Amino acid sequence: KNQVEQSPQSLIILEGKNCTLQCNYTVSPFSNLRWYKQDTGRGPVSLTIMTFSENTKSNGRYTATLDADTKQSSLHITASQLSDSASYICVVRGSQGNLIFGKGTKLSVKP
Amino acid sequence: NAGVTQTPKFRVLKTGQSMTLLCAQDMNHEYMYWYRQDPGMGLRLIHYSVGEGTTAKGEVPDGYNVSRLKKQNFLLGLESAAPSQTSVYFCASSYRGGGRGIAEAFFGQGTRLTVV
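Since this is a predicted model, take the numbers as computed values, not measurements.

Draft legend 1. Local environment of the overall build of chain A. Summing up its helical and strand segments, chain A has zero helices and eleven strands in all. Ordered by position in the sequence, the α and β elements of chain A form the string β-β-β-β-β-β-β-β-β-β-β. In summary, chain A has a C-alpha radius of gyration of 13 Å against a globular reference of 13 Å for 111 residues, a match within 12%. Along the longest, intermediate and shortest principal axes, the C-alpha atoms of chain A span 45 × 25 × 20 Å. For chain A, restricting intrachain contacts to residue pairs at least 6 apart in sequence, the fraction spanning at least 24 positions comes to 55%. Of the roughly 5,500 Å² that chain A leaves accessible, carbon and sulfur atoms contribute 47%.

Encoded structure:
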């Protein structure tokens, strides 16, 4: 069964600190993986996409990594800001083209 | 550029009532999707459409119907609302994305529906 598991479920960090969010998937064959940011009361917005040939990709303070062999991805946030408080969702495109969503990690950045 | 617009944003229904959620996109996307998001769950696909006049069932289609009479609009209908349909509903759209399926899905702001 195609699944996407994210950890931790929630995370609280102080402003300025770094953090890393994890995503493990069992989707096969694999096409691509996206990280989305969802602010409270808003729809998800794409941060970055990873294809099977890419190991790391950065978007400002966000850096995503992908290990297609172990089927793991991580999202690293550097020098966190209060505006980073949101849910971060890992989404994998499945074998039939459908999008499979993880449950998300809820990040709270405190001053 | 409005992107993906959902109406209404909030709604309270009584059990058994019907309603239609409207999704409109101005990006000329071929694909459109309806998802529901429940607390502690990932987004789950209700129905989707790969083009005007076509619809298909997703992961959780029961109790919902959809129509895509125009390319820019995708309607989600609840014929007889049940408390189990209390959720936040998101519409999304995307280009076909080619063989690698890398098309990004753009989401609306959501509709919070409560069925009492």
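Draft legend 2. Main features of the environment of Trp-34 of chain B. For Trp-34 of chain B, the position within the fold is in strand 4 (residues 31–37). Residues Trp-34 of chain B and Tyr-89 of chain B, 55 residues apart in the sequence, show an inter-C-alpha distance of 7.0 Å.

Draft legend 3. Expanded view of the sheet that holds strand 7 (residues 65–67) of chain B. Residue and element names in this part refer to chain B. Overall, antiparallel pairing links the four strands, which are arranged 1-3-8-7 in an open sheet. The open sheet terminates on both sides in strands that have one partner only, identified here as strand 1 (4–7) and strand 7. Adjacent strand axes in the sheet meet at a mean angle of 20°, parallel and antiparallel pairs treated alike. In this structure, strand 1 lies alongside strand 3 (residues 19–25), joined through four bridges in antiparallel fashion. Bridged to Thr-5 within strand 3 is Ala-24.

Draft legend 4. Highlighting the side chain of Thr-111 of chain B. All names here are of chain B. Mapped onto the elements, Thr-111 comes out in strand 11 (residues 111–115). Classification of Thr-111 as buried rests on a relative accessible area of 0%. Reaching out from Thr-111, the side chain makes a polar contact with the backbone oxygen of Pro-8 at a distance of 2.6 Å. Every residue in contact with Thr-111, bar those within four places of it in the chain, is listed here: Gln-6, Pro-8, Lys-9, Leu-21, Ser-87, Val-88 and Tyr-89.

Draft legend 5. Here's a closer look at the sheet that holds strand 8 (residues 72–77) of chain A. Residues and elements named next belong to chain A. Strand order in the open sheet formed by five strands is 1-3-8-7-6, and the pairing between neighbours is antiparallel. Here the strands that pair on one side only, and so sit at the sheet edges, are strand 1 (4–7) and strand 6 (56–59). Each adjacent strand pair in this sheet contributes to an overall mean axis angle of 15°, direction not counted. As paired elements, strand 6 and strand 7 (residues 62–67) share four bridges and run antiparallel to each other. Within strand 7, the position partnered with Ser-58 by the bridge is Thr-63.

Draft legend 6. Layout of the packing of aromatic side chains. If you walk through the whole model with that rule in mind, you get nine aromatic pairs over all chains. An angle of 40° between the planes, with centres 5.9 Å apart, marks the rings of Tyr-35 of chain B and Phe-107 of chain B as tilted. With Tyr-35 of chain B in strand 4 and Phe-107 of chain B in strand 10 (residues 106–107), this pair connects stretches of sequence that are 72 residues apart. Here the two residues Tyr-35 of chain B and Phe-107 of chain B agree in accessibility, since each one is buried. If you follow Arg-61 of chain A out to its NZ or CZ, it ends over the ring of Tyr-62 of chain A, 5.7 Å from the centre.

Draft legend 7. Highlighting the interface of chain B and chain A. On the chain A side, the residues contacting the 16 residues of chain B number 18 residues. Buried surface at the junction of chain B and chain A, summed over both partners, amounts to about 1,500 Å²; 50% is from carbon and sulfur atoms. Counting across the chain B and chain A interface gives zero salt bridges. Between the two partners, chain B and chain A, sit two residue pairs in polar contact (both at pLDDT 80 or more). A per-class count over the side of chain B that touches chain A returns eight nonpolar, six polar and two charged.

Calculation notes
- Residues numbered from 1 in each chain as written.
- Chains lettered and ligands numbered in written order.
- Predicted model: local features only at pLDDT ≥ 70, side-chain atom pairs only at ≥ 80, totals over all residues.
- Heavy atoms only, no water.
- Helix = DSSP H or I, 4+ residues; strand = E, 2+ residues; numbered from the N terminus.
- Rg over C-alpha atoms; globule rule 2.2 N^0.38 Å.
- Contact = heavy atoms within 4.5 Å.
- Areas by Shrake-Rupley, 256 points an atom, 1.4 Å probe, with all protein chains shown as cover.
- Pairing = 2+ DSSP bridges.
- Axes fitted to C-alpha atoms, helices over the stretch in contact; angles between N-to-C directions.
- Buried < 20%, exposed > 50% of the residue type's maximum accessible area, 1.4 Å probe, protein only.
- Polar contact = N/O pair within 3.5 Å; in protein donor to acceptor, adjacent residues only side chain to side chain.
- Phe/Tyr/Trp six-rings, centres within 6.5 Å; stacked < 30°, edge-to-face > 60°.
- Lys NZ or Arg CZ within 6 Å of the ring centre and 35° of its normal.
- Buried area = accessible area lost by both parts, 1.4 Å probe.
- Salt bridge = Lys/Arg side-chain N within 4 Å of Asp/Glu carboxyl O.
- Nonpolar A, V, L, I, M, F, W, Y, C, P; charged D, E, K, R; others polar.

These figures come from the coordinates and say nothing about function on their own.
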